[in-house]
Amino acid sequence: MNDTTKRPIPARIRWLGGVTAIVLVLQLGLNQPLQTPVSPQGMLNFQLATTGENAAAIAESWTEAGIAWAKASLWSGFVFAFLYSALLVQFTNHLLVDRPGVRERKTGRWVRGLFVTAGMTHIAEYSLMLVNLDTPTDRVSLSATLLALINYTALLLGIAGLVIIRAARRHPMHTSQA
């Protein structure tokens, strides 16, 4: 094992990861009261409602107390979006420290862009869902669903990019001469 594989993760990334994990656990807890027969996955069902009718049925199934939980979940989602985007960008930068190659740097820029896109679409999506809680419409529901799909796609592609960055060779392969 060489020195670069032993390099510890910086404290700021560990701290940001811990705070992000705490907010994720909070988000999961806030989702529990939102799980009803109409929305067995809670907020995820509301994210992917696609129509005003579906969104209205989900929101009605939550009752007044459930709507308060939904609003708390959506507001904390803004914090979560910022935290996970910052964490993933910082982690990408950390993984690029020992990757001087042009291809790795280009991939890193794309990966950071994907994580920023994920965070921004998450914020836009949650803004639309806050509006959709009061008066669900087809346009807002479909827009929120499309933003959710863009968010999840950007996260998955970004994570795949991190795997590519780490798997890339640091030095060209040398042929052994026998």
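Residues numbered from 1 in each chain as written. Predicted model: local features only at pLDDT ≥ 70, side-chain atom pairs only at ≥ 80, totals over all residues. Heavy atoms only, no water.

> Teacher, can you tell me more about the side chain of Glu125 here?
Its location among the elements puts Glu125 in helix H6 (residues 102–134). Aside from chain neighbours lying at most four places away, what touches Glu125 is Gln47, Ala144, Leu147, Ala148 and Asn151. (Helix = DSSP H or I, 4+ residues; strand = E, 2+ residues; numbered from the N terminus. Contact = heavy atoms within 4.5 Å.)

> Any chance you could explain the packing of helix H2 (residues 11–31) against helix H5 (residues 63–95) here in plain terms?
In helix packing, the relevant descriptors are the interaxial angle and the interaxial distance, both defined with respect to the helix axes. Packing of H2 against H5 brings their axes to within 9 Å, and their N-to-C directions diverge by 155 degrees. Judged by the angle between their axes, H2 and H5 are roughly antiparallel. Considering only the axes of H2 and H5, their crossing is left-handed. Of the residues assigned to the contact of H2 with H5, the class counts are 16 nonpolar, 8 polar and 1 charged. (Axes fitted to C-alpha atoms, helices over the stretch in contact; angles between N-to-C directions. Parallel < 35°, antiparallel > 145°, perpendicular 65-115°, else oblique. Left-handed = near helix turned anticlockwise from the far one by under 90°. Nonpolar A, V, L, I, M, F, W, Y, C, P; charged D, E, K, R; others polar.)

> It is not clear to me how a nonpolar patch on the surface should be interpreted in this structure. Could you clarify?
A surface patch of nonpolar side chains, about 490 Å² in accessible area, is lined by Leu44, Leu48, Leu142, Leu146, Leu149 and Tyr152. Among the elements that make up the nonpolar patch, the one with the highest residue count is helix H7 (residues 138–167) (4 residues). One can find Leu146 in helix H7. (Patch = residues over 30% accessible without salt bridge, like charges linked within 9 Å, V, L, I, M, F, W, Y side chains within 5 Å. Areas by Shrake-Rupley, 256 points an atom, 1.4 Å probe, with all protein chains shown as cover. Salt bridge = Lys/Arg side-chain N within 4 Å of Asp/Glu carboxyl O.)

> Just checking my understanding: could you explain the confidence of the model for the protein chain for this structure?
As a note on interpretation, predicted positions should not be read in detail where pLDDT is low. In this model, the protein chain carries a mean pLDDT of 90, and residues with pLDDT of at least 70 account for 90%. Element-level mean pLDDT values for the protein chain span from 52 in helix H1 (residues 3–6) up to 96 in H2. Long-range and interchain partners of residues 171–176, a stretch whose pLDDT sits below 50, account for 0 contacts in this model, where long-range means more than four residues apart. (pLDDT = per-residue confidence, 0-100.)

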